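Overview (structure and organization)
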Amino acid sequence: MRERKEDQRATDLRQDLRLRSVDLSYGELRVFEGLDMNFSPGSVHVIMGPSGCGKTSLLQLIAGLLPPDTGSIEGTAGCRVSYLFQEPRLLPWMSVEGNLDLVIRKVYPHEVRREKIDSILELVGLSEFRRYYPHALSGGMKQRVSLARAFIYPGSILLMDEPLKALDLDLRLSLVDVFRRLWLSARQLCVFVTHDLQEAVLLGDVITIFSRAPARVTGRLENPVKMQERYLGRSELLELEKKVYEYLVPANRPPGGGAADNRFPGDR
Amino acid sequence: MTGFTTGLKSSLYTLIGAAVLFAVWKFAAFLIGAEILLPAPERVAAALFDLVTASDFRRAVGATVIRGISGFSLSAVLGLFVGVVCGLSPVVLRIFRPLLAVIRSTPVMSVIILALIWFSTDSVPVFVSFLTAFPIITGNVIEGVGRTDSRLLEMARVFQVSPRDILIRIHLPSLFPYFLAGMRTALGITWKVVVAAEVLSQPDQAVGTGLQIARMQLETADVFAWTAVAVLLSFVTEFLFEHLTSRASWLNPDKQSMRQVRRDA
């Protein structure tokens, strides 16, 4: 059963996901001007960059929630897309299992759904909470349910928009581990937006850095360590973290944090 | 302060309020000294007792209750349906908006008079209560559909949840508090318009008919007694409604938003 499912995902997405000269603007604000990007299947692509540079817009374009002004997104036709939002977005009137069931009702027959819910809840450590409603769960538990929802849905593309942003360090690192376990069993193409350097080097196979809007790709770094072998403090990862940092915070910034032109990083 | 003493204190104040009301009434009746204008409370109480013990009282109240409940239920069901369709489709909303606006602003008396021309005496109150409750419930449901969390809808879109599941599992639960608030408001005026319609249409068995007969016979104490019956009817149904709907609160664990809705309505 499991093998067949993975085959299905693989056939869903054999070629790259490509953005071809994509333009996007919100009124006056030009978010993307002729953006070209390639995402290879089977890896986690981390996107970093200043606030407001269009990272969420990129995910919305890939998910088909937002059409580009011009240009095209190729390789997503017929694909199922999983999305992990910044906030959990659970239905407050449905229990944990009800929320998981919602997204796979159309996909699997009843008995299969039960099994899948059982095993995913086991993996995220929420088996005893299956009948709880979201308001009775902590923020970290809600985001775990949301993580379970993103993985129980057989999406061949997985989009993550700073899903761990609101959580404390300890919780964040344990969820990084949960993510890693879940992802290794499915290996979907994943686009992961984050501001957190540790998340980036622990999870990213490829780390892409955006400039301010209109966003250009200013850096692209490959992770030399395999997903299974990454841990915080490993020298290659510290090295990588430093490189990413240098891309994100340019060294030639004037003293006073760039206030000379009265613009803060992230201002539009 | 414990909940018990707080409750005791607030019901004490309610008792004081009621006592003042009766005292003023009694004093006014004494001053006026004409029972045909303002009968004393004990005269009304006696009239009420006679009324309640009379053989056809139960049938009259029963018939009025059935009329009110039919009109109200009809508008709840249709209001939910039309409200959902209008809420989901801007085109249908534009089509229905003038109709709803006209119904909402039509004087109750015009509706009653037209109903008298069009329908049999028994169904006039049903029609009138339906027509007054319908736009209120529909309006609330439309509002509820509009207030559905767009982030949940976006989530459902990404995960390709079927339109049927989006309706049943996202729209309906989130508009439910608005639907309840609409029904609560509508229930408050249902008995008023039902009795008004009965006064004019004069069905055989009706609270409104009793009221009208009492007026024609210049039995002011009876007018007061029938009025008391209508007031009690309203109290009882509102109490039952609160009781029944508080059990449905599992549909919306967020009670805070429910209170908010009630205040808005």
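See the structure printed just above.
Summary of the structure given here. (Residues numbered from 1 in each chain as written. Chains lettered and ligands numbered in written order. Predicted model: local features only at pLDDT ≥ 70, side-chain atom pairs only at ≥ 80, totals over all residues.)

Brief notes about the overall build of chain B
Selection rule: A run of H or I in DSSP counts as a helix once it spans at least four residues, and a run of E counts as a strand once it spans at least two, with each numbered from the N terminus. Each residue is classed by its C-beta neighbour count within 10 Å, where at least 20 other C-beta atoms makes it buried, 12 or fewer makes it exposed, and intermediate counts make it partly exposed; the C-beta atoms are placed from backbone geometry. Two residues form a contact once the distance between their C-beta atoms, set from the backbone, is within 7 Å.
Secondary structure summary: chain B contains 11 helices and 0 strands in total. Helices (α) and strands (β) of chain B occur, in sequence order from the N terminus, as α-α-α-α-α-α-α-α-α-α-α. The burial tally for chain B puts 35% of its 265 residues in the buried class. At a minimum sequence separation of 6, the contacts of chain B that also span at least 24 residues come to 75%.

Quick look at the pairing of strand S3 (residues 44-48) of chain A
All names here are of chain A. Heads up, the condition is: Pairs of strands are assigned from DSSP output, requiring at least two bridges between the strands.
Across the 5 residues that make up S3, a large majority, 5, are buried. Neither face of S3 is exposed, since Val-44, Val-46 and Met-48 on one face and His-45 and Ile-47 on the opposite face are all buried. Here S3 runs beside strand S8 (residues 206-210); their pairing, made up of 4 bridges, is parallel. For Met-48, the partnering residue across the bridge sits in S8 and is Ile-209.

Considering the nonpolar core
Side chains of nonpolar character tend, in soluble globular proteins, to be buried together. Rules: The term nonpolar core refers to a set of buried Ala, Val, Leu, Ile, Met, Phe, Trp, Tyr and Cys residues connected through C-beta atoms within 7 Å.
Grouped together as the largest cluster of nonpolar side chains are 68 residues, with contacts concentrated most on Ile-62, Ala-148, Leu-159 and Phe-192 of chain A. Counting residues per element, this core draws most heavily on helix H5 (residues 139-152) of chain A, at 6 residues. Those residues in contact with Phe-192 of chain A that sit more than four places away from it in its chain are Val-44, His-45, Val-46, Ile-47, Met-160, Leu-203 and Gly-204 of chain A. In terms of nonpolar packing, the next biggest core, distinct from the first, is built from 55 residues, Val-82, Val-141, Leu-187 and Trp-226 of chain B among them.

Brief notes about the packing of helix H4 (residues 110-123) of chain A against H5 of chain A
How two helices sit against one another is set out by the angle between their axes and by the gap between those axes. Residue and element names in this part refer to chain A. What counts is decided by this rule: Comment: axis = line fitted to C-alpha atoms, over the contacting stretch for helices; angle = value between 0 and 180 degrees taken between N-to-C directions. For this classification, under 35 degrees means roughly parallel, over 145 means roughly antiparallel, 65 to 115 means roughly perpendicular, and everything else is oblique. Handedness of a crossing follows from how the near helix is turned relative to the far one, being left-handed for an anticlockwise turn of less than a right angle and right-handed for a clockwise one. Amino acids outside the nonpolar list (Ala, Val, Leu, Ile, Met, Phe, Trp, Tyr, Cys, Pro) and the charged list (Asp, Glu, Lys, Arg) are all regarded as polar, and Gly is one of them.
Interaxial distance between H4 and H5 falls to 10 Å at its minimum, and their mutual angle equals 135 degrees. Relative to H5, the element H4 lies oblique. Crossing of H4 over H5 shows right-handed handedness. Between H4 and H5, the contacting residues are Lys-116, Ile-117, Ile-120 and Leu-121 on the first element and Ala-148, Phe-151 and Ile-152 on the second. Its residues assigned to classes, the contact of H4 with H5 comprises 6 nonpolar, no polar and 1 charged.

Observations concerning the interface of chain B and chain A
Contacts between chain B and chain A engage 18 residues on the former and 18 residues on the latter. Only helix H7 (150-158) and helix H8 (163-201) of chain B provide two or more residues apiece to the side of chain B that touches chain A. Tallied by class, residues from the side of chain B that touches chain A come to 9 nonpolar, 3 polar and 6 charged.

A closer look at the environment of Ile-32 of chain B
All names here are of chain B. Relative to the elements of secondary structure, Ile-32 occurs in helix H1 (residues 3-32). According to the C-beta neighbour criterion, Ile-32 is partly exposed, with 13 such atoms within 10 Å. Apart from residues no more than four positions distant in its own chain, Ile-32 is found in contact with Leu-37 and Leu-38.

Describing the sheet that holds strand S1 (residues 17-26) of chain A
Either a parallel or an antiparallel arrangement is found when strands of a sheet pair, and the pairing is made through backbone hydrogen bonds. All names here are of chain A. One open sheet accounts for 3 strands, arranged S2-S1-S4; its pairing is antiparallel. The sheet terminates laterally at strand S2 (29-39) and strand S4 (70-74), the two strands that pair on one side only. Mean inter-strand twist for the sheet, computed between neighbouring axes without regard to direction, equals 20 degrees. Pairing analysis gives 4 bridges linking S1 to S4, with the strands arranged antiparallel.

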